[in-house]
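Structural overview for review
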Amino acid sequence: MSTTTISVKDQKHTYTFNLERMTIYKQSKIIEARDAEAQLFYLFFYKDAYINTVKAKELKPNSHAANAFEHGVTFRAPHPLIDAIIAASGPYKKHRFNDLFPKLQKQHTLQETTLIATFFESFIKKEQLMKFIKTLYNEDRRSGKMYACYRIYRVAQAFAPTHSWVKSLAGELDFKKYAPLYENLDASLFEKDPIYVEQFLYENRDTPERFNQLSTFLQQQGRWIDDIALSIDRFNKQQTNELYEAIHEKIKVHFESDELIRLLEDLYERAPNLEPLQQDILDTYLKQDQPERALKLIATHHIELHPSQVKTFDHIVDHIDLESSSVSIEELNTVIGSLFTTIPRQAEALLQKAIRMLMKEHSISYIQQWLNPLRDVPEAQQTIAKVDQIQELEDDPNKQLQLGELYYEFNQLNQAIECFSWEMELNEQNPKPVKWLSKLYNELGMNHEAKAYQQLYVDMVKNG
């Protein structure tokens, strides 16, 4: 089920927020949401873990949040990836920063706490954040953990490169032996400093080698939401069959049913002309019994169905509800016309269904005009001829029996009853309209009338 709201506790009160969008940026996720008064809030996450909710304000240029919304990967709610992160996190509570930062130190390393603190530059003065980061650095320094200090320094340098304290650390003699590891992205950094590795790979993910390294890195951390999001982002830039197949394999592992359809539709909006994607969406529509969506997709792209798809489509044609279809009545004729080239038998069944639907609210002359785009389709000629014949016979009192039979073919039972009743009055000795009336009333569930006409028919045959 799609997640569109979330409850956030603020001291003694609980508020309901409407989710708007989520952006994924490096190790963070930010979800935008609005309260009942339409005030905007941001929910911050470190990896998949909820951190805090803050009321939105103008974001400082080049701050973490501003960079996230400019350079991150964004999805609008509702979206299966938003649902997944909401389900994996919580409970959601709004913390005061004075309470939050001590709590973070208990749950995360000091380097992680340093990084998380930088997320909130637009909401806390930078000098205050640097003061807090210095306390974390000094804690490791007092413990003699120089490499841990260096890792914090790297985060602080990326956050505030011109800060006097950061610049003063640049000449630290103990740090010089670590610098070469970072210059060449030494393999040991994947274990020693995964925070730096992820940020470096993220910033260079447009190259296939770095993207593959980042994808493997995220998978090893169990962060499949990030991996899928970044894969979708890459696919959005390079819409190739190979990238699509890789994403499809990933999403099939974690999603099924409605969520899988929504993700495939997300990809389809980005690359509507990718044939393997069209086929996978069509397969999913057919398996999930979504006939109207399948119909529009087939018609839009003139998809030629595989034998297994034809067989499945056969099963669902009978209960396609054209009235609720996303295909409008104005374009339904051309949609059905295109289907005759790929699935003629099913197209004929849909044409019959469409005409029956149209007959409920439109005149025969309107339907004749609606059929014009199909008049050059050989397989549609027989059905079109019957509609034209109805128009010819409507005002002919001597052809009411034939007209009633045509209306019956299109399941217009009330019109058929009118025709057979008229024929019965005009030709009192003819038992055929009586037999038809008994049949039609029986199909309408009007048993009393059906039995009366059945008895009249029996008497007429006996006396005839």
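Provided above is the structure to which this section pertains.
Residues numbered from 1 in each chain as written. Predicted model: local features only at pLDDT ≥ 70, side-chain atom pairs only at ≥ 80, totals over all residues. Heavy atoms only, no water.

Some words on the overall build of the protein chain
Secondary structure assignment for the protein chain yields 25 helices and six strands. Scaling as 2.2 N^0.38, a compact globule of 464 residues should have a C-alpha radius of gyration of about 23 Å, whereas the protein chain reaches 34 Å, well beyond that. With the C-alpha coordinates aligned to their principal axes, the bounding extent of the protein chain is approximately 120 × 50 × 30 Å. Across the 464 residues that make up the protein chain, the buried fraction comes to 50%. The contacts in the protein chain between residues at least 6 apart in sequence include a share of 57% that link residues at least 24 apart. (Helix = DSSP H or I, 4+ residues; strand = E, 2+ residues; numbered from the N terminus. Rg over C-alpha atoms; globule rule 2.2 N^0.38 Å. Buried < 20%, exposed > 50% of the residue type's maximum accessible area, 1.4 Å probe, protein only. Contact = heavy atoms within 4.5 Å.)

Digging into the pattern of salt bridges
All chains considered together, the criterion is met by 21 salt bridges. Across the pair Asp233 and Arg205 runs a salt bridge, and its minimum N-O distance is 3.3 Å. Linking Asp233 in helix α12 (residues 224-237) with Arg205 in the loop between α10 (194-203) and α11 (208-220), this pair joins segments that are 28 residues apart in sequence. For the pair Asp233 and Arg205, one class covers both residues: buried. As a salt-bridge pair, Asp266 and Arg270 come within 2.4 Å of each other at their nearest N and O atoms. You can see Asp266 and its partner Arg270 sitting in helix α14 (residues 257-270), four residues apart, about one turn around the helix. By relative accessible area, which is 12% here, Asp266 ends up buried. (Salt bridge = Lys/Arg side-chain N within 4 Å of Asp/Glu carboxyl O.)

Quick look at the packing of α12 against α14
At a closest axis distance of 9 Å, the pairing of α12 and α14 adopts a crossing angle of 25 degrees. Taken as axis vectors, α12 and α14 run roughly parallel relative to one another. In this structure, the crossing between α12 and α14 has a hand that is right-handed. The residues of α14 that touch α12, namely those facing Ile232, Phe235 and Asn236, are Leu263, Asp266, Leu267 and Arg270. When the residues that make up the contact of α12 with α14 are grouped by side-chain class, the tally is four nonpolar, one polar and two charged. (Axes fitted to C-alpha atoms, helices over the stretch in contact; angles between N-to-C directions. Parallel < 35°, antiparallel > 145°, perpendicular 65-115°, else oblique. Left-handed = near helix turned anticlockwise from the far one by under 90°. Nonpolar A, V, L, I, M, F, W, Y, C, P; charged D, E, K, R; others polar.)

Quick look at the packing of aromatic side chains
A complete count under the given rule lists 30 aromatic pairs for this structure. Their ring planes at 85 degrees and their centres at 5.2 Å tell us that Tyr137 and Trp165 sit as a pair that is edge-to-face. Placement of Tyr137 in helix α5 (residues 126-142) and of Trp165 in helix α7 (residues 164-169) is noted, with a sequence separation of 28 residues between them. Residue Tyr137 is classed as buried on the basis of its relative accessible area of 3%. Ring centres of Phe420 and Trp436 lie 5.0 Å apart, and the angle between their planes is 10 degrees; on these two criteria the pair is classed as stacked. (Phe/Tyr/Trp six-rings, centres within 6.5 Å; stacked < 30°, edge-to-face > 60°.)

A word on the pairing of strand β1 (residues 5-10)
Pairing between β1 and strand β2 (residues 13-25): six bridges, direction antiparallel. Opposite Ile6, over in β2, you have Phe17 as the bridge partner. Connecting β1 to the antiparallel partner β2 that follows it, the hairpin turn spans two residues, and Gln11 within it adopts a positive phi of roughly 55 degrees. (Pairing = 2+ DSSP bridges.)

Quick word on the environment of Leu230
Turning to its location among the elements, Leu230 is positioned in helix α12. The class for Leu230 is buried, based on a relative accessible area of 4%. When sequence neighbours within four positions are dropped, the list of residues in contact with Leu230 reads Val73, Tyr202, Arg205, Phe211, Leu214 and Leu218.

A closer look at unusual backbone geometry
Cis rather than trans, the peptide bond between Ala77 and Pro78 has omega equal to -5 degrees. Located in the positive-phi region is Asn62, a residue other than glycine, with phi close to 65 degrees. In this fold, Asn62 is placed in the loop between β5 (49-55) and α1 (64-71). The backbone phi angle of Asp289 is positive, close to 55 degrees, even though this residue is not glycine. Its place among the elements puts Asp289 in the loop between α15 (275-287) and α16 (291-301).

Focus on the side chain of His248
By secondary structure assignment, the location of His248 is in helix α13 (residues 241-254). Here the side chain of His248 touches Asp280 through a polar contact of 3.1 Å, side chain to side chain. (Polar contact = N/O pair within 3.5 Å; in protein donor to acceptor, adjacent residues only side chain to side chain.)

Looking at the nonpolar core
Of all hydrophobic cores here, the largest spans 155 residues; its most connected members are Leu43, Phe44, Phe120 and Phe313. Counting residues per element, this core draws most heavily on helix α6 (residues 146-159), at nine residues. If we skip the residues at most four places from it in the chain, Phe44 touches Lys29, Ile30, Ala49, Tyr50, Ile51, Asn52, Val54, Ala65, Phe119, Phe120 and Phe123. (Core = buried A, V, L, I, M, F, W, Y, C linked by side-chain atoms within 4.5 Å.)

Some details on helix α18 (residues 329-339)
Among all positions of α18, only Leu332, Asn333, Val335, Ile336, Gly337, Ser338 and Leu339 are buried. Buried-residue contacts for α18 involve α16, α19 (344-359) and α20 (364-370).

With respect to the side chain of Lys26
Following the sequence through the fold, Lys26 ends up in the loop between β2 and β3 (28-34). Polar contacts involving the side chain of Lys26 include one to the side chain of Glu203, which spans 2.7 Å. The residues touching Lys26, leaving out its near neighbours within four places in the chain, are Glu198, Gln199, Tyr202, Glu203, Arg223 and Asp226.

Section: the environment of Tyr150
The topology assignment puts Tyr150 in helix α6. Each C-alpha atom of the pair Tyr150 and Gln111 lies 9.5 Å from the other, and the pair is 39 residues apart in sequence. Here Tyr150 is in contact with Phe175, Tyr178, Ala179 and Tyr182, once residues within four sequence places are set aside.

So, the environment of Val73
You can see Val73 is positioned in strand β6 (residues 73-76). In this structure the C-alpha to C-alpha distance between Val73 and Asp233, which are 160 residues apart in sequence, comes to 6.4 Å. Residues contacting Val73, with those up to four places away along its chain left out, are Met22, Thr23, Ile24, Tyr202, Arg205, Ala229, Leu230 and Asp233.

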